[in-house]
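Listed below, chain by chain, are the residues.
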Amino acid sequence: MKTDNTTQASAGIQGPAWDLSAEYQSFEAVGFLADWKAVETALEVLAGRGARIGQRIPDAATLNASTETELLQDCRHFAVELEQVSTLLSNLMVYVNCMASTDGFNSQAKQLKGRLDTLGSQLGALSASYELLMKLAPQDFYDAFCAFDDTAAFRFALGQIRKLKDLALPLEVEKTLSTMSPAGFTAWGNLYNNLTGTIRCTVQQPDGKESVMGLAGASAVLKQADRPARESAWRAINAQMAGNQEAFAAILNSLSGWRLAEYKQRSHTRKLHFLDSALFQSRISQTTLETLLAVLAEGRELGRHALRLQAGAYGCERLGPWDILAPAPQASAAADGGESTNGIPFDQGLELVRRAYAAVDPAMGDFVSSMQAKRRIEGRVLDGKRPGAYCTGFTKSRNRYVFTTYKGSLSELSTLSHELGHAYHGEVMRSLPLAESRYPMTLAETASTFAEAALGDLLAAEATDKSALLELAWADAQDAAVFLVNIPARFAFEKSLYEARENGPLPADRMCSLMTSAWQEWYGDALSEYDSYYWASKLHFAMPGVSFYNFPYSFGYLFSLGVFARRASLGDGFHQAYVSLLRDTGRMEVEELAQKHLGVDISRPDFWRESLGIVRQKVERFEALLKG
Ligand SMILES: [Zn+2]
């Protein structure tokens with residue numbers, strides 16, 4: 001997914017419509033209804049098998065593989081059926097989401113989504129006993145289970161779960177936790193979404209008029225060219241955050257409080273630290289995270305330097321917090337009707353992406369052509385279409401689709417290349433079992449960031465006018481500031497939140513002071529003021545599914561720069577190495593993957609420093625362009 005990018009529209013330009021008919025024709029189509037029915041039937045079968053497995057939990061730790069033939073077969077069939085029903089459920093879900101994304105007024109899609117979510121949580125509850133048994137079972141039993149042809153693919157994923165063996169709670173407690181969670185834990189995330197969905201901000205527009213808009217609209221103004229409008233939007237957002245601070249503080253206190261209480265329950269054998277779950281989901285070690293953070297601290301001054309250069313380009317002494325997502329000032333001239341390049345028509349833009357991909361390898365260029373020919377790119381400008389861009393994949397056909405709104409700006413072209421990068425990642429994994437293709441968030445952005453960089457290289461080599469070059473370099477500088485300063489500040493805040501939360505809930509003003517300290521530590525004097533309500537306005541702190549959803553961004557950024565650098569050093573051998581790396585992202589720990597495919601030890605600083613060196617070159621190029 002791509003969250004931070006600027007948008008300028010050019011009248012008339014838009015992308016094509018996607019064609020989903022290869023997957024399903026409609027919500028009423030025979031295929032759609034048949035898959036739905038199959039899910040419901042399979043859930044019943046799984047319930048019976050799951051209950052039998054559940055009865056064996058009390059003696060799970062002492063199971064004897066050689067005498068438990070029947071149980072092994074039960075587990076085997078459960079695993080295979082679970083994967084089948086998950087595949088169908090996810091396939092239906094992807095279709096419903098695609099339909100809802102292009103048409104926000106589609107009430108049928110919303111209703112079906114609700115019903116699929118319920119089926120999904122039923123499936124989660126049904127698989128609890130199987131997962132707990134596989135977690136607790138002795139190594140012999142696990143080896144015997146993975147020895148079947150149709151279960152071998154589960155080895156890595158189950159092996160990961162088995163690392164949590166000594167943190168397991170009794171089955172009844174696990175079940176109670178997951179039963180209580182929707183109303184007690186995830187509900188806080190829903191409250192966050194509902195609250196931010198209803199907030200209205202009054203923003204001063206460039207023409208001087210005031211408009212009332214939702215949070216999404218006001219956030220979009222932060223990425224627009226007009227500086228006073230950005231400041232007005234930022235102040236309006238923060239006024240709303242302050243006005244609702246009690247609710248936002250309750251959300252963060254409850255999410256962190258629930259997690260800490262759960263970690264304490266699980267710490268019966270060894271202490272579970274509040275960072276452990278994020279590290280586990282990221283598939284990296286604590287040492288690797290510490291090394292990354294130390295190198296980010298080395299890069300902090302470089303990020304601040306990028307911010308100061310950007311301030312200079314805007315003719316101000318320091319940027320405000322409303323400027324950190326601002327587009328290049330040259331682009332503002334274009335948006336305000338000044339002289340600049342016109343928008344890039346979709347076909348022409350996609351051809352640039354194709355050539356950038358083909359320059360890495362012809363197979364990659366062919367992939368872009370086939371995505372276009374098979375109509376797997378959605379780029380229209382539509383009323384009621386959801387904002388943002390994503391890549392999604394159907395689990396039955398393994399076909400990938402790209403969703404975006406394309407109006408012809410350079411940043412939208414970059415987003416298109418980014419999402420096609422995700423699609424290529426999915427394409428090279430097409431022949432792998434689904435169980436081996438679920439990658440962690442640290443690696444999720446490898447192929448997409450790589451694809452953005454490939455396009456940037458081609459454009460920089462071919463750009464003739466300075467404003468286009470500057471726009472590209474501006475994006476590089478912005479990346480440096482986001483990944484070397486903003487993301488580490490988010491991490492610093494969240495860490496201090498968890499440390500303080502051990503002693504009880506925090507009042508809202510304490511959250512503000514923790515955030516201010518984190519911004520002071522990382523931004524220093526590079527900004528005119530700090531964003532003290534960032535803890536409330538940034539969605540990532542209020543996601544029930546994941547904590548510390550920040551360091552993986554900086555990890556992914558520096559990691560993919562390191563991968564991109566191998567393109568020059570490996571030459572012709574690069575593409576094969578790249579594909580092999582991508583194919584292993586769903587079945588290896590990240591340290592192991594980096595060692596195998598890049599020959600580097602990411603628990604040591606050298607690799608990260610090399611990437612930092614690449615960022616330094618990019619910022620220097622930006623500085624030279626500003627001076628020249
Ligand atoms: Zn992405």
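About the criteria used
Residues numbered from 1 in each chain as written. Predicted model: local features only at pLDDT ≥ 70, side-chain atom pairs only at ≥ 80, totals over all residues. Heavy atoms only, no water. Disulfide = S-S within 2.5 Å. Buried < 20%, exposed > 50% of the residue type's maximum accessible area, 1.4 Å probe, protein only. Pairing = 2+ DSSP bridges. Helix = DSSP H or I, 4+ residues; strand = E, 2+ residues; numbered from the N terminus. Domains from an automatic or database assignment. Contact = heavy atoms within 4.5 Å. Buried area = accessible area lost by both parts, 1.4 Å probe. Salt bridge = Lys/Arg side-chain N within 4 Å of Asp/Glu carboxyl O. Polar contact = N/O pair within 3.5 Å; in protein donor to acceptor, adjacent residues only side chain to side chain.

Q: Is there a simple way to explain the state of the cysteines in this structure?
A: A covalent bond between the sulfur atoms of two cysteines is what we call a disulfide. Counted under the stated rule, the structure contains zero disulfides. Cysteine cysteine 98 is unpaired, with the sulfur of cysteine 391 as its nearest cysteine sulfur at 9.8 Å. For cysteine 98, a relative accessible area of 1% corresponds to the buried category. Cysteine 146 takes part in no disulfide bond, and the closest cysteine sulfur, belonging to cysteine 75, lies 11 Å away.

Q: Where do I start with the sheet that holds strand β5 (residues 400–403) in this structure?
A: Sheet strands pair by backbone hydrogen bonding; their relative direction is either parallel or antiparallel. One open sheet holds the three strands; their spatial order is β3-β5-β4, and the pairing between them is mixed. A single partner strand is all that each edge strand has here, and the edge strands are β3 (377–378) and β4 (390–393).

Q: How do you make sense of the domain arrangement of the protein when you look at a structure like this?
A: For interface size, the figure often reported is the accessible area lost on association. Each domain of the protein was delimited in the assignment, giving domain 1 (30–189) and domain 2 (245–337 + 465–628). The distance between the C-alpha centroids of domain 1 and domain 2 comes to 33 Å. Counting residues at the interface gives 18 residues for domain 1, matched by 21 residues for domain 2. Taken together, the two surfaces of domain 1 and domain 2 that pack against each other cover about 1,900 Å², and 68% of this comes from carbon and sulfur. In terms of surface lost to domain 2, no three residues of domain 1 exceed Leu167, Phe185 and Trp188, which account for 39% of the buried area on that side. The interface formed by domain 1 and domain 2 holds three salt bridges in total. Across the pair lysine 163 and glutamate 589 runs a salt bridge, and its minimum N-O distance is 2.3 Å. In this structure, the connection of domain 1 to domain 2 is made through six residue pairs in polar contact (both at pLDDT 80 or more). Elements supplying a minimum of two residues to the side of domain 1 that touches domain 2: α5 (155–162), α6 (171–184) and α7 (186–198). The element contributing the most residues to the side of domain 1 that touches domain 2 is α6, with five residues.

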